[in-house]
Amino acid sequence: MSLNIVLIEPEIPNNTGNIGRLALGTGSTLHLVKPFGFELTDKRLKRAGLDYWQHLNVIMYENVDEFFDQHKDKKMIFFSATATKNHWEMDFEDDMFLVFGKESVGLPKELLQQNIENNSKIPLYSEHIRSLNLANAVAITIYEGLRQINLK
């Protein structure tokens, strides 16, 4: 049982490090799509991932096209604060790809429109924030996915 966490053009090394640690802890694969807003040697990335980074199953791609060319037949959920379906309404499956955009702007609108049926959000109960921190959003969704898969 495993899921795939996809970060498209991540910008904040601490988030990526924390998500890497989460991926390892949940048996997930981390897919990182360039360009990054930091260097992989950034000490903030390593600090957030602690000494676990060397054990992580991480795959890197030069750009979005390379990622989608390699995984075009896979089932994916695209996360966006603008989606209409909540994350618990999605049907998570083993080996599914959970796709997240960069911290500043999320996923490209064109990508979301092309996959409208597979867009999902985490509901927010305050009008005072636009979205959750990326690492928190990934944690919420990965554990919902694992919960659903374990119930099957």
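Up top is the structure these notes are about.
Residues numbered from 1 in each chain as written. Predicted model: local features only at pLDDT ≥ 70, side-chain atom pairs only at ≥ 80, totals over all residues. Heavy atoms only, no water.

Participant: What am I meant to see in the nonpolar core here?
Facilitator: Soluble globular proteins tend to pack their nonpolar side chains together in the buried interior. The biggest cluster of nonpolar side chains holds 27 residues, and the ones touching the most others in it are Ile 5, Leu 7, Ile 19, Leu 30, Leu 98, Phe 100 and Val 138. Those elements that provide at least two residues to this core are β1 (4–8), α1 (13–26), β2 (29–33), β4 (76–79), β5 (97–100) and α5 (134–151). By residue number, the principal contributor to this core is α5, which donates seven residues. Grouped together as the second largest cluster of nonpolar side chains are 13 residues, Val 33, Phe 68, Phe 78 and Leu 107 included. (Core = buried A, V, L, I, M, F, W, Y, C linked by side-chain atoms within 4.5 Å. Buried < 20%, exposed > 50% of the residue type's maximum accessible area, 1.4 Å probe, protein only. Helix = DSSP H or I, 4+ residues; strand = E, 2+ residues; numbered from the N terminus.)

Participant: How should the sheet that holds β5 be read in this particular structure?
Facilitator: The pairing of strands in a sheet happens through backbone hydrogen bonds and is either parallel or antiparallel. If you walk across this open sheet you meet the six strands as β3-β2-β1-β5-β4-β6, and the pairing is parallel. Pairing within the sheet leaves two strands with one partner each, and these edge strands are β3 (58–61) and β6 (119–120). Relative to β3, β2 runs parallel, the two sharing four bridges. Bridging from a neighbouring strand, Val 33 pairs with Tyr 61 of β3. (Pairing = 2+ DSSP bridges.)

Participant: So what exactly am I meant to see when it comes to the pattern of salt bridges here?
Facilitator: Pairing between side chains becomes possible if they bear opposite charge and their charged atoms approach one another. Summed over the entire model, instances satisfying the criterion amount to seven salt bridges. One salt bridge in this structure joins Lys 34 and Glu 62, with 3.1 Å as the shortest N-O distance. One end of the pair, Lys 34, is in the loop between β2 and α2 (43–49); the other, Glu 62, is in the loop between β3 and α3 (64–71), with 28 residues separating them in the sequence. As a salt-bridge pair, Lys 85 and Glu 117 come within 3.7 Å of each other at their nearest N and O atoms. Of this pair, Lys 85 sits in the loop between β4 and β5 while Glu 117 sits in the loop between α4 (109–114) and β6, placing them 32 residues apart in sequence. (Salt bridge = Lys/Arg side-chain N within 4 Å of Asp/Glu carboxyl O.)

Participant: Would you take a moment to explain the packing of aromatic side chains for this structure?
Facilitator: The relative placement of two aromatic rings is captured by the distance of their centres and the angle of their planes. A complete count under the given rule lists five aromatic pairs for this structure. Ring centres of Tyr 61 and Phe 67 lie 5.1 Å apart, and the angle between their planes is 85°; this geometry places the pair in the edge-to-face category. Of the residues examined, Tyr 61 reaches a relative accessible area of 1% and is grouped as buried. (Phe/Tyr/Trp six-rings, centres within 6.5 Å; stacked < 30°, edge-to-face > 60°.)

Participant: Where do I start with the pairing of β1 in this structure?
Facilitator: In the case of a regular strand, side chains alternate between the two sheet surfaces. Among the five residues of β1, five are classified as buried, and the element is accordingly described as predominantly covered. Where burial is concerned, the two faces of β1 agree: the one with Asn 4, Val 6 and Ile 8 and the one with Ile 5 and Leu 7 are both buried. As paired elements, β1 and β2 share five bridges and run parallel to each other. Following the sheet pairing, Leu 7 is matched in β2 by Leu 32. Since β1 and β2 lie parallel, the crossover through α1 that links them has a hand, and here it is right-handed. (Right-handed = clockwise from strand over helix to strand, strands pointing away.)

Participant: Which parts of the structure should I look at to understand the side chain of Glu 9?
Facilitator: By the secondary structure assignment, Glu 9 is in the loop between β1 and α1. Looking at Glu 9, its side chain comes within polar contact range of the side chain of Lys 102, at 3.0 Å. Discounting residues that sit within four places of it in the chain, Glu 9 has contacts with Val 33, Lys 34, Pro 35, Val 64 and Lys 102. (Polar contact = N/O pair within 3.5 Å; in protein donor to acceptor, adjacent residues only side chain to side chain. Contact = heavy atoms within 4.5 Å.)

Participant: Please clarify how unusual backbone geometry should be interpreted in this entry.
Facilitator: Both trends apply: most residues other than glycine have a negative phi, and most peptide bonds are in trans. Of the consecutive residues Lys 34 and Pro 35, the connecting peptide bond is found in the cis state with omega at 5°. Tracing the backbone through its elements, the reader meets Pro 35 in the loop between β2 and α2. At Glu 9, a residue that is not glycine, the phi angle is positive and equals roughly 50°. A positive phi angle, close to 70°, is found at Asp 95, a residue other than glycine. Tracing the backbone through its elements, the reader meets Asp 95 in the loop between β4 and β5.

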